[in-house]
Amino acid sequence: MTEPYIQLKNVDKIYLTKTDAIEAVRDVTFDINESELVAIVGPSGCGKTTILKMVAGLVSHTGGTITIGGKIVDRPQTDLGIIFQDAVLLDWQDVLSNVLIQINIRGMDQSEYEQKARELLKDVGLDGFETKKPYELSGGMKQRVSICRALVHEPPLLLMDEPFGSLDALTREQISMDIQRLWMEERKTALLITHSIPEAVLLADRVIIMSPRPGRIVDIKKIDLPRPRRWDSLDMKFNEYTGEIRKVFQQQGVLALR
Amino acid sequence: MDKETIPQELLDQRKSDKFNELLRKRLLPVIGITIFLVIWEVAVRILELPSYLLPTPSEIAITMVERFHDLLQNSWVTAYEMLLGYFLAIAIGVPLAITITASKTFDNFITPILLFFQTVPKISLAPLFLVWFGVGTMPKVLVAFLISFFPIVIDTAVGLRSISPDMIDLAKSMGATKQQIFTRFRLPTSLPYMFSGLKVASTLAVVGAVVGEFVGADKGLGYMLLVANSNLQTALMFGTIVALTVQGLILFYIIQFLETMLIPWHITVRSGKEQEFGTM
């Protein structure tokens, strides 16, 4: 058996403020195998975004070890693509340039990846929008551009920090389908942070359930459902999974029993 | 949607909407100003107000034509002082703002000093500059510089800090160097803020130059205004004020034009141009 691609062992995170120390994450241990999509679901402020940022090397951890591909994470990682809650596009550049900024900053060959960028945009239904500026796009379209940007350099790892958080319900469903489709094409190792139980179950191979702050892992559920999973044809097992996860949150006092 | 399938009525509607908007935006202000001038003219004539109290617009216009040469010559002087002060403020203010946002230590060192000097009424320093630098160009440039300096520094610094933490994380995940984060992400993000500071400063720079001239000068529009004042040439005073206003407006619109050229994505520039695709 090969080593898991990402390993977190007893990871702690304490934020120091001027007057206080806030324990964001306590003793978090989990693995992500290669080509596996793992979702972390938990209430607001449980440190799930902190975990993603620690994996990306953007936030330092105060205890434990994180490794990606056997290498210790101690600085910002670049062998990955990140999708944030907001699209964070460059307002002053058009859609295609916003995707290719990834290539540009990395000093990779722009002409080589332009085709890839156009294909990705087409894949998410944005062909014909290449020369539009972000302010001409809807929220959902912007988020699709940011998905293309996260994938254009073909990274081995995809990190998603509540990618549906600022979208309306219908757009969320569509974009979660986009992400599943793109993920199934290349089966990248992926970490999804969300506070939506159905979205976690729909997309993930395994769902990690977090407690309120300080964030600890209370359970990990393997989701054994055939792909592609679709919002319009969910079977009974989907509801069982979401029910089980909901029950865990109820036991944690996150969801009221009534 | 295909262009061909858009109903003709809608296109016609848009055309007439555009025409109406042009009418509203261009013509209405002109009509408004004309009405204001006519009322002024008529009121002064009916009330038989003496010209040294309130001249009629026509009288002001005639004086401006008669004294056009003087007005123009003095305008150049004031414009020179104003522009020199303004560009000096940009040349020092923008790099200062960059340094403040780049270094926390420098920020803590310089910001209290800046805040202190910002509170000092810059105009009150004009007599002091007269003592130090005499009646030449220098004191006027300095007042124009000081008065336009603070909006530029402060707005640029705010702009440079306005970048979202996610954007910086994104840049880091791409392996961007500090320099790249600054030039490719932080600086472009700050432009809308920087320009709002530049626009405020452009209207202040002219104030600075005129106040500098009030305190002690032998040329310039501020000087001309004082001379007209002491001779009770009220029509000429109005003419000078008009010349000053035009000068301020020209600078303001040049900056605004640069803004539309450089940052067409910015919301205040864009307002009115509606772009809506709905959610896809």
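Peer 1: How do you make sense of the overall build of chain A when you look at a structure like this?
Peer 2: From N to C terminus, chain A includes 7 helices and 10 strands. A compact globule built from 258 residues should have a C-alpha radius of gyration of about 18 Å, and chain A, at 18 Å, falls within 12% of that. Dimensions of chain A along its principal axes, counting C-alpha atoms only, are 50 × 45 × 45 Å. Scored against the burial criterion, the 258 residues of chain A give a buried share of 43%. Within chain A, contacts between residues separated by at least 24 positions form 71% of all contacts whose residues are at least 6 apart in sequence.

Peer 1: Just to check I follow, could you spell out the overall build of chain B for this structure?
Peer 2: When you go through chain B residue by residue, the secondary structure sums to 11 helices and 0 strands. Taken from the N to the C terminus, the helices and strands of chain B come in the order α-α-α-α-α-α-α-α-α-α-α. In terms of overall size, chain B is more extended than a compact globule, its C-alpha atoms giving a radius of gyration of 24 Å where 280 residues would be expected to give roughly 19 Å. Taken over the C-alpha atoms alone, chain B extends approximately 70 × 65 × 30 Å along its principal axes. Expressed as a percentage of its 280 residues, the buried residues of chain B come to 32%.

Peer 1: Please explain the interface of chain B and chain A as it appears in this structure.
Peer 2: Interface extent is often summarised as the accessible area lost during association of the parts. At the interface, 22 residues of chain B touch 28 residues of chain A. Put simply, the parts of the chain that give the side of chain B that touches chain A at least two residues each are α7 (165-173) and α8 (178-215) of chain B. A per-class count over the side of chain B that touches chain A returns 10 nonpolar, 7 polar and 5 charged.

Peer 1: What is the right way to read helix α4 (residues 104-119) of chain B from this model?
Peer 2: Owing to its 3.6 residues per turn, the α-helix aligns residues three or four sequence positions apart on the same side. Residues and elements named next belong to chain B. Across its 16 residues, α4 extends 22 Å between first and last C-alpha, which sits within 8% of the 22 Å expected from 1.5 Å per residue. At Ile110, α4 is bent by approximately 35 degrees, the largest bend along its length, and proline Pro112 sits one to four residues beyond. When you tally the buried positions in α4, you get 0 out of 16 residues, a small fraction of the element.

Peer 1: Would you mind showing me how to read the environment of B:Leu130 here?
Peer 2: Residue and element names in this part refer to chain B. Structurally, Leu130 can be placed in helix α5 (residues 126-133). Residue Leu130 is classed as partly exposed on the basis of its C-beta count, with 19 C-beta atoms lying within 10 Å. Here the alpha-carbon distance between Leu130 and Val207, two residues 77 residues apart in the chain, equals 16 Å. The residues contacting Leu130, other than those within four sequence positions of it, are Val135, Pro139, Val215 and Gly216.

Peer 1: Help me understand the pairing of strand β8 (residues 189-194) of chain A, please; the structure alone is not making it clear to me.
Peer 2: Remember that side chains alternate between the two faces of the sheet whenever the strand is regular. All names here are of chain A. Counting buried positions along β8 gives 6 out of 6 residues, so the element sits mostly inside the fold. Burial along β8 is two-sided: Thr189, Leu191 and Ile193 and Ala190, Leu192 and Thr194, pointing in opposite directions, are all buried. As paired elements, strand β3 (residues 37-41) and β8 share 5 bridges and run parallel to each other. Counterpart to Ile40 in the pairing with β8 is Ile193. In this sheet, β8 lies alongside strand β7 (residues 157-161) in parallel orientation, the contact comprising 5 bridges. In the strand pairing of β8, Leu159 is matched with Leu191.

Peer 1: Hey, could you run me through the sheet that holds strand β10 (residues 217-222) of chain A in this one?
Peer 2: Two modes of strand pairing occur in sheets, parallel and antiparallel, and in both the strands are linked by backbone hydrogen bonds. Residue and element names in this part refer to chain A. Here we have 6 strands laid out as an open sheet, ordered β6-β7-β8-β3-β9-β10, and mixed in their pairing. Only two strands of the sheet have a single partner each, and these edge strands are β6 (81-83) and β10. Geometrically, the sheet is characterised by an average inter-axis angle of 15 degrees between neighbouring strands, direction not taken into account. Direction of pairing for β6 relative to β7: parallel, over a ladder of 3 bridges. In the sheet register, Gly81 faces β7, and the bridge partner there is Leu158. Against the sheet, helix α4 (residues 139-151) touches β6 and β7, its axis set at about 165 degrees to β6.

Peer 1: Help me out: how do you make sense of the packing of α5(B) against helix α6 (residues 137-161) of chain B in this one?
Peer 2: Packed helices, taken two at a time, are described by the angle between their axes plus the distance between the axes. Residues and elements named next belong to chain B. At a closest axis distance of 9 Å, the pairing of α5 and α6 adopts a crossing angle of 145 degrees. Remark: the crossing between α5 and α6 carries right-handed chirality. Each of Ala126, Phe129, Leu130 and Phe133 in α5 lies in contact with α6, whose residues at this interface are Met138, Pro139, Leu142 and Val143. Along the lines of polarity and charge, the residues of the contact of α5 with α6 split into 8 nonpolar, no polar and no charged.

Peer 1: Would you explain the domain arrangement of chain A in this entry?
Peer 2: Residues and elements named next belong to chain A. As assigned here, chain A comprises domain 1 (1-80 + 157-258) and domain 2 (89-154). Using only C-alpha atoms to locate each centre, domain 1 and domain 2 end up separated by 25 Å. With 10 residues of domain 1 at the interface, the matching set in domain 2 holds 9 residues. Here the side of domain 1 that touches domain 2 gets 6 residues from one element, more than from any other, and that element is helix α5 (residues 169-186).

Peer 1: I'm lost on the sheet that holds strand β2 (residues 21-32) of chain A in this one. Help?
Peer 2: All names here are of chain A. Reading across from one edge, β2-β1-β4-β5 is the order of the 4 strands in this open sheet, with antiparallel pairing throughout. Either end of the sheet is taken by a strand with one partner, and the two such strands are β2 and β5 (71-72). In terms of strand pairing, strand β1 (residues 6-16) meets strand β4 (residues 63-68) through 5 bridges, oriented antiparallel. Paired with Ile6 across the two strands is Ile68, which belongs to β4.

Peer 1: How should the nonpolar core be read in this particular structure?
Peer 2: Across soluble globular proteins, nonpolar side chains have a tendency to be buried as a group. Membership of the largest hydrophobic core comes to 83 residues, with the highest contact counts inside it found for A:Ala39, A:Val55, A:Cys148, A:Leu159, A:Leu192, A:Ala204 and A:Val207. The contact partners of A:Ala204, leaving out residues within four places of it in the chain, are A:Leu37, A:Val38, A:Ala39, A:Leu192 and A:Ile223. Grouped together as the second largest cluster of nonpolar side chains are 47 residues, B:Tyr86, B:Ala89, B:Phe195 and B:Leu198 included.

Peer 1: What should I look at first to understand α4(A) in this one?
Peer 2: All names here are of chain A. Counted at 1.5 Å a residue, the expected span for α4 with its 13 residues is 18 Å, and the 19 Å between its end C-alpha atoms agrees. Most of α4 sits out of view: 12 of its 13 residues are buried. Of the positions making up α4, those classed as buried are Gly140, Met141, Lys142, Gln143, Arg144, Val145, Ser146, Ile147, Cys148, Arg149, Ala150 and Leu151. Each element contacted by the buried residues of α4 is listed here: β6, α2 (95-105), α3 (110-123), β7 and α5.

What counts and how
Residues numbered from 1 in each chain as written. Chains lettered and ligands numbered in written order. Predicted model: local features only at pLDDT ≥ 70, side-chain atom pairs only at ≥ 80, totals over all residues. Helix = DSSP H or I, 4+ residues; strand = E, 2+ residues; numbered from the N terminus. Rg over C-alpha atoms; globule rule 2.2 N^0.38 Å. Buried ≥ 20, exposed ≤ 12 C-beta atoms within 10 Å, placed from the backbone. Contact = placed C-beta atoms within 7 Å. Nonpolar A, V, L, I, M, F, W, Y, C, P; charged D, E, K, R; others polar. Expected span 1.5 Å × (residues − 1). Bend = angle between axes of the 7 residues up to and from the residue. Pairing = 2+ DSSP bridges. Axes fitted to C-alpha atoms, helices over the stretch in contact; angles between N-to-C directions. Left-handed = near helix turned anticlockwise from the far one by under 90°. Domains from an automatic or database assignment. Core = buried A, V, L, I, M, F, W, Y, C linked by C-beta atoms within 7 Å.

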